[in-house]
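# Notes for the structure review
These are the residues of each chain, in order.
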Amino acid sequence: MPHVRYATAAAPGRANEDYVIAGPSWVALFDGATAPPGVRSGCVHDVRWLVRTLASGVAARVDGGEPLADVLADAIAATMSRHAGTCDLANPDSPSATAALARLRGDRLDYLVLCDSAIGLAHPGGGVTVVRDERLDRLPGGRPYSVELVRSLRNRPGGFWVASTCPAAAGRALAGTVDAAGLEGVALFTDGVTRLADWYGRTWDELVAGARDPEALIAEVRRRERALGPVRGKQHDDATAAWMSFP
Ligand SMILES: [Zn+2]
């Protein structure tokens, strides 16, 4: 049987807008986008509701043989139906989340990455294949982005794709299937952890090795954040890491 470990930690003093869920042969994580101050989302729910509802939608479907993009599209559609009666799903600021999914199916590993969560495939003896969706990093004009720019490019061709009110976004995720026999395991991270590589000089090999002890990896994130501060944005972010090893 595969073995799954994970840890998730809120940014100190805040509610955790990340969410992680796993079954015997799969793991999925979500990172809810913090609502910008003053923006009306048209939704009576918060992003914590969104990530939990998406997670339950994935859990309900992931054990079938459907492609992960279809599983996620169905979870987005099911989530929409849960609040279509109370909320304005046409609002472009409706709550949104990233997603990363991995599922072992026989001797095959399916994976999917949507927006700025990431996956690392660990090869025996070292070496990592990193799966990252960098479209949010490449919006026109570069960072910092205005609320208007993000709104205009969310779930639009030429922009970036997230789980929110557009099931078709799942079809724009980075997804694939590989031979699990050629891997030691798979690591999943939200961007609260990948800042170790993006900001603090750790290699992806080190990140994926560290995912085998996800609590320790997140503790390292907090130590570096306190010692070195942020490169941009928040000093601390919600941080989630998961590791699934194969039999
Ligand atoms: Zn809502």
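Reference entry: report on the structure contained in this document. Note that this is a predicted model, so its numbers are computed, not measured.

Attention shifts here to the pattern of salt bridges. Applying the stated criterion across every chain yields a total of 15 salt bridges. Residue Asp 110 pairs with Arg 103 through a salt bridge whose shortest N-O separation is 2.9 Å. Each of the two residues, Asp 110 as well as Arg 103, counts as buried. Put simply, Lys 234 and Asp 237 hold a salt bridge, and the shortest N to O gap is 3.4 Å. Taking the relative accessible area as the measure of exposure, Lys 234 reaches 38% and is therefore partly exposed. Asp 237 sits in the buried class, given a relative accessible area of 7%. Each of Arg 202, Glu 206, Glu 220 and Arg 224 takes part in a single network of salt bridges with overlapping partners.

Attention now moves to the packing of helix α1 (residues 47–61) against helix α2 (residues 68–83). The geometry of a pair of packed helices is captured by two quantities: the angle between their axes and the separation between those axes. Running from N to C, α1 and α2 point in directions that differ by 130 degrees, and their axes come no closer than 8 Å. It follows that α1 is oblique to α2 by the angle criterion. The two elements α1 and α2 meet at a crossing, and its hand is right-handed. Seen from α1, the contacting residues are Trp 49, Leu 50, Thr 53, Leu 54, Gly 57, Val 58 and Arg 61; seen from α2, they are Val 71, Leu 72, Asp 74, Ala 75, Ile 76, Ala 78, Thr 79, Arg 82 and His 83. Partitioning the contact of α1 with α2 into residue classes produces nine nonpolar, four polar and three charged.

To continue, consider the coordination of the zinc ion. A metal bound by six donors in octahedral fashion has ideal angles of 90 or 180 degrees, whereas one bound by four tetrahedral donors has an ideal angle of 109.5 degrees. Only Cys 43 (SG), His 45 (ND1), His 83 (ND1) and Cys 87 (SG) from the protein coordinate the zinc ion, and they sit 2.1 to 2.3 Å from it. If you look at the zinc ion, its four donor atoms make angles of 103 to 117 degrees with each other, and the shape they trace is tetrahedral. Counting gaps between the donor residues of the zinc ion yields the pattern C-x1-H-x37-H-x3-C. Within this pair, whereas His 45 is found in the loop between β3 (26–32) and α1, its partner Cys 87 is found in the loop between α2 and β4 (97–105), the two being separated by 42 residues in sequence.

By definition, the strands of a sheet pair up through backbone hydrogen bonds, in either a parallel or an antiparallel sense. Spatial strand order, β2-β3-β4-β5-β8: five strands in an open sheet with antiparallel pairing. Edge positions in the sheet fall to β2 (18–23) and β8 (174–179), since each has one partner strand and no second. Ignoring strand direction, the axes of neighbouring strands in this sheet form an average angle of 10 degrees. Strand direction decides the pairing type here: strand β5 (residues 108–114) and β8, joined by six bridges, are antiparallel. Along β8, the bridge assignment pairs Arg 108 with Asp 179. Contacting β2, β3 and β4, α1 runs over the sheet at an angle of about 160 degrees to β3.

Between Arg 143 and Pro 144 the backbone carries a cis peptide bond, its omega angle lying at 0 degrees. By the element assignment, Pro 144 lies in the loop between β7 (128–132) and α3 (147–153). For Cys 115, which is not glycine, the phi dihedral falls at a positive 70 degrees. For Cys 115, the position within the fold is in the loop between β5 and β6 (118–122). Residue classification places Cys 115 among the buried positions, given a relative accessible area of 3%. With phi around 55 degrees, Asn 155 is a residue other than glycine that occupies positive phi space. Tracing the backbone through its elements, the reader meets Asn 155 in the loop between α3 and β8. With a relative accessible area of 12%, Asn 155 lands in the buried category.

Reading the values: the criteria
Residues numbered from 1 in each chain as written. Predicted model: local features only at pLDDT ≥ 70, side-chain atom pairs only at ≥ 80, totals over all residues. Heavy atoms only, no water. Salt bridge = Lys/Arg side-chain N within 4 Å of Asp/Glu carboxyl O. Buried < 20%, exposed > 50% of the residue type's maximum accessible area, 1.4 Å probe, protein only. Axes fitted to C-alpha atoms, helices over the stretch in contact; angles between N-to-C directions. Helix = DSSP H or I, 4+ residues; strand = E, 2+ residues; numbered from the N terminus. Parallel < 35°, antiparallel > 145°, perpendicular 65-115°, else oblique. Left-handed = near helix turned anticlockwise from the far one by under 90°. Contact = heavy atoms within 4.5 Å. Nonpolar A, V, L, I, M, F, W, Y, C, P; charged D, E, K, R; others polar. Donors = N, O, S within 2.8 Å, 3.2 Å for Na, K, Ca; no water. Tetrahedral: all angles 85-135°; square planar, octahedral: opposite > 155°, others 65-115°. Pairing = 2+ DSSP bridges.

Read these as geometric descriptors, not functional statements.
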